Amino acid sequence: MSACIDLYDVRCTLAGRTVLDIERLVVGEGERVAIVGHNGAGKSTLLRVLSGFTRPTAGQVSVLGLRLDASLPPARLRALRCEAGQVLQGLHLVPRLSALENVLIGSLGRVTGWRSWVRRYPAHEVERARAALATVGMLDQASMRTDGLSGGERQKVAIARMLVQAPRLILADEPTAALDPAAAQVICRVLGMAVAGKTLVSVVHNTTLLPLLAERVIGLRKGRIAFDLPQSQVDTRQLAALYGGPSVPVRDRVDEHFKRRQHTCLHPDASAGRSPCH
Amino acid sequence: MNLATVRLGVRPRLSGRGGFLALVLVYALLVAACLGTLAREGELSLGRSPIANLMKTAGEFARPSLLDVWFGNPALEYRSDDGTLLRVENRQAVERAWLEGLGRATWTTIRIATLGSLLGALLALPLAVLTARNLAAPRALAWGAKAVLDTSRSIHTLVFGLVLVGIVGLGPTAGILAIGLHSMGTYGKLFAEAIESLDMAAIEAVRSVGAGPAQVFFNAVWPTVLPQFVSSHLYIWEFNIRDSTILGLIGAGGLGLLITEATALFQWGRLATVLIVIVVMVSGFDAISRRIRQALA
């Protein structure tokens with residue numbers, strides 16, 4: 001199994017704060033990996049590093065056999081992005097274009113020149129886009145503007161775009177953000193279908209969706225890898241440790257938090273300089 | 001502690017009722033100073049017989065020359081002081097001919113505004129792309145473009161017109177260029193703002209599939225800003241229709257020429273007709289452009 005992603009000693013520093021610090025991370029071809037962790041753990045940064053949108057402060061990143069560093073010419077980076085599809089949170093669509101046109105954006109790697117400027121796509125690409133919309137169950141809304149679609153529908157459009165792009169590696173940043181549980185299940189099924197046989201790296205917030213999206217789960221905490229386990233071995237205890245510090249029962253933590261909050265709120269002077277009550 | 005240090009120690013406060021009263025007082029003083037100095041220079045007179053003049057002017061205004069086309073005297077006789085008949089004039093024919101001239105002048109005004117606006121928009125487009133902060137054009141180019149836009153915005157259309165009449169001669173060409181050069185500044189500002197308010201997520205979405213810069217522009221930037229561009233274009237075009245009605249004052253063609261003529265000859269009836277045409281034209285265009293802009297939102 002060849003390495004699809006290889007990170008070695010990668011560090012990202014933003015305004016003096018280390019947001020990502022990974023000694024080694026290898027993802028093989030065809031693996032499905034989920035990244036979990038609390039807000040600010042570096043999950044999205046990791047994905048942005050993999051797509052070349054964020055350049056790490058130090059370390060070596062190679063994706064699909066290509067070293068991402070400062071000497072990489074923009075054309076090569078664009079070629080890589082053709083091969084590494086991204087499903088970003090549903091807002092990453094062009095609002096004024098129709099669903100079909102947004103899906104056709106996925107073909108921009110293959111369609112070049114004036115045709116891609118005036119959005120006159122070749123007939124076989126349009127067919128492909130319609131087929132992709134049919135796969136995600138959005139063919140009826142093909143001509144609707146995406147700013148008129150619901151959150152779930154937009155996410156489906158983004159997945160259809162990724163289908164048209166047909167990449168080898170898929171980076172999905174919270175594909176189910178802002179969706180209700182039922183819609184999240186549907187999206188994950190569609191995504192799972194779409195990525196069959198390809199490498200998938202997804203950021204997941206809703207841990208109940210892990211079995212649908214991954215065989216391997218990586219927990220990030222403060223930018224470092226806290227655990228890297230097969231999905232079957234990840235249990236609530238590890239997740240609780242990842243999200244909430246020491247693995248105390250949830251009930252106690254809430255009470256403790258509430259008490260602390262009351263305390264600081266009753267003494268506003270004492271809380272000056274500390275984190276505000278929220 | 002003397003008074004000066006006390007004053008310096010107290011920061012002036014313009015909040016609350018007292019502050020507002022102070023502002024009103026300053027404003028009242030300014031108005032009084034303007035009025036007082038003008039009065040002392042003897043510049044505040046209303047002329048020798050303002051009431052009579054007003055009544056006369058208003059009376060002629062109330063009878064726009066337009067009406068003469070139907071109700072004018074078909075055989076108006078001009079006589080000398082001793083009563084000999086000099087000539088007979090058909091008022092209806094004269095006013096009809098003048099009205100045709102007014103129609104041509106109106107069309108010229110519309111042509112000046114339309115072509116001038118288009119020229120301004122085309123000139124502004126590349127400059128707006130350079131000045132929009134989020135597109136991150138090279139710093140020197142961005143500053144240069146911003147300087148050009150600021151200059152063109154701060155010089156009035158009439159000033160451009162006066163200069164251009166000297167360069168390209170009398171006529172609509174000077175008007176078109178003047179409108180174009182001045183509105184370029186406004187267009188550039190509005191276009192750049194449209195580009196700056198652009199949704200970066202859409203741009204990133206297109207970039208994420210490996211699209212090149214031109215593809216990003218045509219697939220993410222253009223479809224998002226086009227409606228805003230069209231809306232700004234209509235708005236400034238509308239504005240330029242109003243602006244171009246006075247360009248004739250400096251010989252740049254259109255309705256303004258007729259305004260100068262009518263005022264110079266004290267033909268208030270004809271001026272009234274010109275004003276009616278302007279009001280109808282401008283409000284008509286306003287209504288149409290508002291409809292289109294609403295439909296684009």
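Computed from a predicted model, the values in this text were never measured in an experiment.

1. Concerning the overall build of chain B
At step 1: The helix and strand inventory of chain B stands at 12 helices and 2 strands.
At step 2: When the helices and strands of chain B are read in sequence order from the N terminus, they spell out α-α-α-α-β-β-α-α-α-α-α-α-α-α.
At step 3: Buried positions account for 33% of the 297 residues belonging to chain B.
At step 4: Taking all contacts inside chain B whose residues are at least 6 apart in sequence as the whole, residues at least 24 apart take part in 66%.

2. Description of the overall build of chain A
At step 1: Each helix and strand counted, chain A has 10 helices and 10 strands in total.
At step 2: By residue count, 41% of the 278 residues in chain A fall in the buried class.
At step 3: Looking at chain A alone, contacts between residues at least 24 apart form 66% of all its contacts between residues at least 6 apart.

3. Observations regarding the nonpolar core
At step 1: Counting 120 residues, the largest nonpolar core has Ile35(A), Val103(A), Ile159(A), Ala160(A) and Val206(B) as the members making the most contacts within it.
At step 2: For Val103(A), the residues in contact, after removing those within four places along its chain, are Ala129(A), Ala132(A), Leu133(A), Val157(A), Ala160(A), Arg161(A) and Val164(A).
At step 3: Ranked by size, the runner-up nonpolar core spans 13 residues in total, among them Leu255(B), Leu271(B), Val274(B) and Val277(B).

4. Digging into the packing of helix α6 (residues 151-165) of chain A against helix α7 (residues 181-194) of chain A
Residue and element names in this part refer to chain A.
At step 1: Running from N to C, α6 and α7 point in directions that differ by 5°, and their axes come no closer than 10 Å. In terms of their interaxial angle, α6 and α7 are classed as roughly parallel. Of α7, the residues touching α6 (which contributes Gly152, Gln155, Lys156, Ile159, Met162 and Leu163) are Ala183, Ile187, Val190, Leu191 and Ala194.
At step 2: Taken together, the residues of the contact of α6 with α7 break down into 8 nonpolar, 2 polar and 1 charged.

5. Let's talk about the sheet that holds strand β1 (residues 3-14) of chain A
Residue and element names in this part refer to chain A.
At step 1: The strand order β2-β1-β4-β5 describes an open sheet built from 4 strands, whose pairing is antiparallel. Each edge of the open sheet carries a strand with a single partner, namely β2 (17-28) and β5 (66-67).
At step 2: The pairing of β1 with strand β4 (residues 58-63) spans 5 bridges and is classified as antiparallel. Counted as the bridge partner of arginine 11 is alanine 58 from β4.

6. Notes on helix α7 (residues 157-168) of chain B
At step 1: In a regular helix each residue adds 1.5 Å, so 12 residues correspond to 16 Å; α7(B) covers 15 Å between its end C-alpha atoms and thus fits that length.
At step 2: Positive backbone phi, at 90°, marks Gly169(B), one or two positions downstream of α7(B).

7. Topic: the environment of Val190(A)
All names here are of chain A.
At step 1: As for its position among the elements, valine 190 is in helix α7.
At step 2: The exposure class assigned to valine 190 is buried, which follows from the 20 C-beta atoms found within 10 Å.
At step 3: When the C-alpha atoms of valine 190 and glycine 137 are compared, they prove to be 9.3 Å apart, with 53 residues separating the residues in sequence.
At step 4: Those residues within four positions of valine 190 in sequence are excluded, and the remaining contacts are Val136, Lys156 and Ile159.

8. Thoughts on unusual backbone geometry
At step 1: The phi dihedral of Ala166(A) is positive, around 50°, even though this residue is not glycine.
At step 2: With respect to the helices and strands, Ala166(A) occurs in the loop between α6 and β7 (169-173).
At step 3: With 17 C-beta atoms packed within 10 Å, Ala166(A) lands in the partly exposed category.
At step 4: Here the phi dihedral of Phe266(B) falls at roughly 55°; this positive angle occurs in a residue that is not glycine.

9. Some thoughts on the confidence of the model for chain A
Residue and element names in this part refer to chain A.
At step 1: Averaged over chain A, the pLDDT score is 78; the fraction of residues at 70 or greater is 85%.
At step 2: The least confident element of chain A, judged by mean pLDDT, is helix α10 (residues 250-266) at 46; the most confident is helix α3 (residues 99-104) at 90.
At step 3: Here residues 246-255 is modelled with pLDDT under 50, and outside its nearest four sequence neighbours on either side it reaches 5 contacts, counting other chains as well.
At step 4: Counting interchain partners and residues more than four positions distant, the pLDDT-below-50 stretch residues 257-278 has 8 contacts.

10. Observations regarding the interface of chain B and chain A
Quite often, the size of an interface is put as the accessible area lost when its parts meet.
At step 1: Each partner contributes to the interface: chain B provides 18 residues, whereas chain A provides 22 residues.
At step 2: In terms of residues, the side of chain B that touches chain A owes the most to one element, helix α10 (residues 213-244) of chain B, which gives 7 residues.
At step 3: Residues of the side of chain B that touches chain A, tallied by class, amount to 10 nonpolar, 6 polar and 2 charged.

11. A look at the pairing of β4(A)
Residues and elements named next belong to chain A.
At step 1: In the sheet, β4 pairs with β5 via 2 bridges, with the strands oriented antiparallel. Bridging from a neighbouring strand, serine 62 pairs with arginine 67 of β5.
At step 2: Here β4 folds back onto β5, and the loop between the two strands holds 2 residues, one of which, leucine 64, carries a positive phi near 50°.

12. Observations concerning the sheet that holds β7(A)
Residues and elements named next belong to chain A.
At step 1: Read from one edge to the other, the open sheet built from 6 strands follows the order β6-β7-β8-β3-β9-β10, with strand pairing classed as mixed. Of all the strands in the sheet, the pair left with one neighbour each is β6 (84-87) and β10 (224-230). The average angle at which neighbouring strand axes cross in this sheet is 15°, direction not considered.
At step 2: Of the pairings in the sheet, the one linking strand β9 (residues 216-221) to β10 comprises 6 bridges and is antiparallel in character. Looking at β10, one finds that arginine 221 is bridged to arginine 224.
At step 3: Here helix α1 (residues 43-50) sits on the sheet in contact with β3 (32-36), β7, β8 (199-203) and β9, set at roughly 145° to β8.

13. A look at helix α8 (residues 172-196) of chain B
In an α-helix there are 3.6 residues to a turn, and that puts residues three or four apart on one side.
At step 1: End to end, α8(B) covers 35 Å across 25 residues, agreeing with the expected 36 Å (1.5 Å per residue, within 8%).
At step 2: Along α8(B), the sharpest change in direction is near 35° and occurs at Ser183(B).

14. Describing the pairing of β7(A)
Residue and element names in this part refer to chain A.
At step 1: For β7, the tally of buried residues reaches 5 of 5 residues, placing the bulk of the element in the interior.
At step 2: Of the two faces of β7, the one holding Leu169, Leu171 and Asp173 and the one holding Ile170 and Ala172 are both buried throughout.
At step 3: Pairing between β6 and β7: 4 bridges, direction parallel. Bridging from a neighbouring strand, glycine 85 pairs with isoleucine 170 of β7.
At step 4: Where β7 lies against β8, 5 bridges are found, and the strand directions are parallel. Its bridge partner lying in β8, alanine 172 is registered against serine 202.

Analysis parameters
Residues numbered from 1 in each chain as written. Chains lettered and ligands numbered in written order. Predicted model: local features only at pLDDT ≥ 70, side-chain atom pairs only at ≥ 80, totals over all residues. Helix = DSSP H or I, 4+ residues; strand = E, 2+ residues; numbered from the N terminus. Buried ≥ 20, exposed ≤ 12 C-beta atoms within 10 Å, placed from the backbone. Contact = placed C-beta atoms within 7 Å. Core = buried A, V, L, I, M, F, W, Y, C linked by C-beta atoms within 7 Å. Axes fitted to C-alpha atoms, helices over the stretch in contact; angles between N-to-C directions. Parallel < 35°, antiparallel > 145°, perpendicular 65-115°, else oblique. Nonpolar A, V, L, I, M, F, W, Y, C, P; charged D, E, K, R; others polar. Pairing = 2+ DSSP bridges. Expected span 1.5 Å × (residues − 1). pLDDT = per-residue confidence, 0-100. Bend = angle between axes of the 7 residues up to and from the residue.

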